[in-house]
Amino acid sequence: MDIPTLREKHPDHWKKASALRVLAMDAVQAANSGHPGMPMGMADVATVLFEKHLKFDAQNPDWPDRDRFILSAGHGSMLLYGLLHLTGYSDITMDEIRNFRQWHSKTAGHPEYGYAKGIETTTGPLGQGLAASVGFAIAEEALRARFGKKVVDHRTWVIAGDGCLMEGISHEAIGLAGMQKLSKLVILWDNNSITIDGDISKSDITDQRARFAASGWTVLHCDGHDPDDIDRAMTEAKKSDRPVLIDCKTHIGYGSPKKQDTAASHGSPLGADEIAAVREIYGWPHPAFEIPEDIRAAWAAIGSRGAEERAAWEERVASLSESRQAEFKRQLTLEPPKRLAAAIRAIKKQAAEDKPKVATRKASEMVLAAVNPVVPETIGGSADLTGSNNTKTADLGVFDPENRKGRYIHFGIREHAMAAAMNGMVQHGGVRPYGGTFLCFADYARGSMRLSALMGVPVVYVMTHDSIGLGEDGPTHQPVEHLAICRATPNTWLFRPADVVETAEAWEMALNTKETPSVLALSRQNLPTVRTTHTNKNLTAQGAYTLAEATGKRQAILMATGSEVEIALKARELLEAEGIGTRVVSMPCWELFDCQPESYRRKVLPAGPVRVAIEASQRFGWDRWLLGERGREGKAAFIGMERFGASGPSERLYEEFGITADATVAKVKELLG
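The paragraphs below set out a description of the structure included in this document. (Residues numbered from 1 in each chain as written. Predicted model: local features only at pLDDT ≥ 70, side-chain atom pairs only at ≥ 80, totals over all residues. Heavy atoms only, no water.)

The helix and strand tally for the protein stands at 27 helices and 18 strands. Computed over C-alpha atoms, the radius of gyration of the protein comes to 28 Å, within 12% of the 26 Å expected from 2.2 N^0.38 for 673 residues, which places it in the range of a compact globule. Seen through its C-alpha atoms, the protein measures out along the principal axes to roughly 95 × 55 × 45 Å. Relative to its full complement of 673 residues, the protein shows a buried share of 62%. Looking at the protein alone, contacts between residues at least 24 apart form 78% of all its contacts between residues at least 6 apart. Taken as a whole, the protein presents about 24,500 Å² of accessible surface, with 50% of it coming from carbon and sulfur. A distance of 5 Å separates the average location of the 79 positive side-chain charges in the protein from that of its 86 negative side-chain charges. (Helix = DSSP H or I, 4+ residues; strand = E, 2+ residues; numbered from the N terminus. Rg over C-alpha atoms; globule rule 2.2 N^0.38 Å. Buried < 20%, exposed > 50% of the residue type's maximum accessible area, 1.4 Å probe, protein only. Contact = heavy atoms within 4.5 Å. Areas by Shrake-Rupley, 256 points an atom, 1.4 Å probe, with all protein chains shown as cover. Lys, Arg positive; Asp, Glu negative; His and termini not counted. Charge placed at Lys NZ, Arg CZ, Asp CG, Glu CD.)

Rendered as structure tokens:
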């Protein structure tokens, strides 16, 4: 629909949508940076959505049963900020709009989770919002099955652009959503046929409607500038028993005489002259950042229209038993259940007594078998490696269209979408997800894992086959750089436990945090129990601790993680037999050790003794503990990998790469001179 017709037939709608458009133009111009074209093109779709379909209450932005709105095309962030401001979200004031993209503003260049209410997830890396929305929809289905439709019954709406659909993660995500028949998920495709490089025909010929249909979605379409047609499509979408794609045909930079339908309106300000011309076309005589009172009042009414429905929901929740209400609140807020600590203590005590020799991936399964029954909000899964990751316990049941009470998801070979969906599950509330793959394939999940850390979302990544110890599958599957990659990522806990006890403690930490994702790097090969004396204290929470002390004068400190702790203990025996007093320090989580008081770190790593670190990985990062923390050059060494691995039995690989007790002993003696 062209602008004159739209203004004539839908004058009230036009004014409300124009407010979104001019706020986007003006904020981008003031910042001299940003993306005005998408908000201008999707303002009509967004206005109809918020006015007639989205269930929300701007005065109660955390209402658990609200619809979720996700702007996957995060570059168009001013569309979201304009919507939040005009509907009455208190976090997004006009001053925040004026400060778009400025230091400490809540209106960041791309929407950032936690900056303001109404931003459901961080978007900007294209496709991430779309993929996370699958997790939101999964969480809604799971909680509805758990607590009933009277308490949980809402939708997830997503605006996604051509870029979101081009990214490979979209294919993983829509396949998962289609298979799961997530009927409460609706994607509004901003089909404007423009990317940064120009017309989309330069880079893509995909029939997106056919692609979604082939993946099990209902596919609808509408004129993205005709409010009645948009409303029709959204109304029809809510009747579907499958996820829905609505193809909204739009014009990027709608109304810009020189830049509409061009890449020029995509990622840079329109310019003062062009904005003046657009104002004339819009019939908008008001200065920058000024919204007339009648239009502001109309938007405020939209923001408050959900108040009655929210109040009715609160009455329904109040009719639940007190214990049921408390459990609903506990799960939504990710408070760990009181029984979790006792379950972890029991596992540790049993392991110290029985001293099992098992792979830490098996140890993780043993922990989950005890934890999942007492933490009903966990939902596990694997990227088609269930038997290898040991992520499915007997009590879970499979989550699928026939069993929404199931708590195990077969994600398929979709590491990237699995990770993004888990982000969405946490952000929805009520779910503690964990998902498994091989540590080497963290590469496939990397974009979503980074966002877990950036957003402070406590997803648990169960990454097995953590070293050359996996053996015959060879260097394609043997991670040598991945521990360093995870450790280099801010706000990420990388746990590499040495036995059942440390694995249980790692899980306890991962299930208690509300703001840090955890990566559990777990072995394929069997490892002995090294913590044979039970203590209720979680030593892994300290990041590193003295596992075995020198019996005489301390001359050497051996530091190790995971499967190499066993090697360090064997080397200690040999050194002690020769009168060289040797301490072994287990370091299951560097990040937590780094957070300890300096006095504790000095106690664990005192000055004086030579230091040798042992890890079947690259040295990168180890100098923090070898040369820092009172260590020194010439008195420190590393036993580990200097190249990619190789195919062969794990025992042979450790010998060939020199990661052995004998090699450690030789290195200590060399350092001692």
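In this section: the pairing of strand S13 (residues 518–522). Note on strand geometry: in a regular strand, side chains alternate between the two faces of the sheet. The buried fraction of S13 amounts to 5 of the 5 residues, a majority that puts the element mostly inside the structure. Here S13 shows a buried face lined by Ser518, Leu520 and Leu522 and a second buried face lined by Val519 and Ala521. In the sheet, strand S11 (residues 460–464) pairs with S13 via 5 bridges, with the strands oriented parallel. Counted as the bridge partner of Tyr461 is Val519 from S13. Two elements, strand S12 (residues 493–495) and S13, share 3 bridges in a ladder whose sense is parallel. (Pairing = 2+ DSSP bridges.)

Turning next to the packing of aromatic side chains. By convention here, two paired aromatic rings are described through the distance between centres and the angle between planes. Per the counting criterion, the structure on display carries 18 aromatic pairs. Ring centres of Trp590 and Trp625 lie 6.1 Å apart, and the angle between their planes is 75 degrees; on these two criteria the pair is classed as edge-to-face. With Trp590 in helix H23 (residues 590–594) and Trp625 in helix H25 (residues 623–626), the pair connects residues that are 35 residues apart, well separated along the chain. A relative accessible area of 7% means that Trp590 is categorised as buried. Aromatic ring contacts, followed pair by pair, group Trp590, Phe593, Tyr600, Trp622, Trp625 and Phe638 into a single cluster. Seen from the ring of Trp590, Arg487 lies directly overhead, with NZ or CZ sitting 3.7 Å from the centre. (Phe/Tyr/Trp six-rings, centres within 6.5 Å; stacked < 30°, edge-to-face > 60°. Lys NZ or Arg CZ within 6 Å of the ring centre and 35° of its normal.)

So, on to the sheet that holds strand S7 (residues 244–249). Strand order across the open sheet formed by 5 strands is S1-S2-S3-S7-S6, with parallel pairing between neighbours. Taken across any chain shown, the strands that pair with only one partner, and hence form the sheet edges, are strand S1 (68–71) and strand S6 (218–223). Shown here is a sheet whose adjacent strand axes are inclined to one another by a mean of 20 degrees, direction ignored. Bridge analysis of strand S3 (residues 185–191) against S7 gives 6 bridges, and the strand direction is parallel. Bridging from a neighbouring strand, Val186 pairs with Val244 of S7. Seen against the sheet, helix H3 (residues 37–53) touches S1, strand S2 (156–161), S3 and S7 and runs at an angle of roughly 150 degrees to S3. Its contacts with the sheet put helix H4 (residues 77–87) on S1 and S2, and the angle it makes with S1 is roughly 145 degrees. (Axes fitted to C-alpha atoms, helices over the stretch in contact; angles between N-to-C directions.)

Glancing now at the pattern of salt bridges. Inspection of the entire model under this criterion finds 42 salt bridges. In this structure, the salt-bridge partner of Arg524 is Glu472, at a minimum N-O distance of 3.9 Å. Highlighted residues: Arg524 in the loop between S13 and strand S14 (545–548) and Glu472 in the loop between S11 and helix H20 (482–488), separated in sequence by 52 residues. Classification of Glu472 by relative accessible area gives partly exposed; the value is 45%. The network of salt bridges with shared partners includes Asp594, Glu598, Arg601, Arg602, Arg624, Glu629 and Arg630. (Salt bridge = Lys/Arg side-chain N within 4 Å of Asp/Glu carboxyl O.)

Before going further, it helps to spend a moment on empty space enclosed by the protein. Empty space among the atoms becomes apparent when a probe as large as a water molecule is rolled across them. Summed over the entire model, instances satisfying the criterion amount to 6 cavities of 30 Å³ or more. In this structure, the largest cavity spans a volume of roughly 80 Å³. In terms of lining, the largest cavity is formed by Phe50, Leu54, Phe56, Arg66, Asp67, Phe69, Leu80, Leu84, Tyr89, Gly118 and Glu120. Residues belonging to the lining of the largest cavity are distributed by class as follows: 7 nonpolar, 1 polar and 3 charged. Of the pockets and cavities examined, the second largest cavity occupies roughly 50 Å³. The wall of the second largest cavity is formed by Arg446, Met449, Arg450, Tyr461, Cys486, Thr489, Thr492 and Val519. Ranked by residue count, the leading element in the lining of the second largest cavity is helix H19 (residues 442–455), at 3 residues. (1 Å grid on protein atoms, 1.4 Å probe; cavity = no way out; pocket = protein on both sides within 12 Å on 5 of 7 lines; lining within 4 Å. Points joined across faces, edges and corners; volume = space filled by probe spheres on them. Nonpolar A, V, L, I, M, F, W, Y, C, P; charged D, E, K, R; others polar.)

Together, Asp12, Glu290, Glu293 and Asp294 make up a negatively charged patch on the protein surface. Among the secondary structure elements, Asp294 is positioned in helix H12 (residues 293–304). (Patch = residues over 30% accessible without salt bridge, like charges linked within 9 Å, V, L, I, M, F, W, Y side chains within 5 Å.)

On to the environment of Leu451, then. If you trace the backbone, Leu451 turns up in helix H19. Exposure remark for Leu451: the relative accessible area of 3% places this residue in the buried category. Expressed as a C-alpha distance, the spacing of Leu451 and Glu515, which sit 64 residues apart in the sequence, is 12 Å. Those residues in contact with Leu451 that lie beyond four places of it in its chain are Thr122, Pro125, Gln128 and Asn423.

Attention now goes to the sheet that holds S13. An order of S9-S8-S10-S11-S13-S12 is seen for the 6 strands of this open sheet, with the pairing classed as parallel. With one partner strand each, in any of the chains shown, strand S9 (408–410) and S12 form the two edges of the open sheet. The average angle at which neighbouring strand axes cross in this sheet is 20 degrees, direction not considered. The sheet strands contacting H19 are strand S10 (432–438), S11 and S13, and the helix crosses S11 at an angle near 155 degrees.

Relative to the assigned elements, Lys184 resides in the loop between helix H8 (168–180) and S3. For Lys184, a relative accessible area of 14% translates into the label buried. Setting aside residues no more than four positions away along its own chain, Lys184 makes contact with Glu140, Glu141, Arg144, Asp153, His154, Arg155 and Thr156.

Our focus in this paragraph is the packing of helix H2 (residues 11–31) against H12. For the pair H2 and H12, the least separation of the axes is 10 Å and the interaxial angle reads 95 degrees. Judged by the inter-axis angle, H2 sits roughly perpendicular to H12. In contact with Lys15, Lys16, Ala19 and Leu20 of H2, H12 contributes Asp294, Ile295, Ala298, Trp299 and Ile302. Tallied by class, the residues present in the contact of H2 with H12 amount to 6 nonpolar, no polar and 3 charged. (Parallel < 35°, antiparallel > 145°, perpendicular 65-115°, else oblique.)

S7 sits mainly inside the fold: 5 of its 6 residues count as buried. Where S6 lies against S7, 6 bridges are found, and the strand directions are parallel. In the strand pairing of S7, Val219 is matched with Leu245. As a crossover connection, the stretch from S6 through helix H10 (residues 227–237) into S7 is right-handed. (Right-handed = clockwise from strand over helix to strand, strands pointing away.)

This part takes up the environment of Thr664. Structurally, Thr664 can be placed in helix H27 (residues 661–672). Taking the C-alpha atoms as reference points, Thr664 and Met418, separated by 246 residues in sequence, lie 40 Å from one another. Contact partners of Thr664, with chain neighbours within four places excluded, come to Leu558, Ile567, Ala571, Val612, Ile614 and Ile639.

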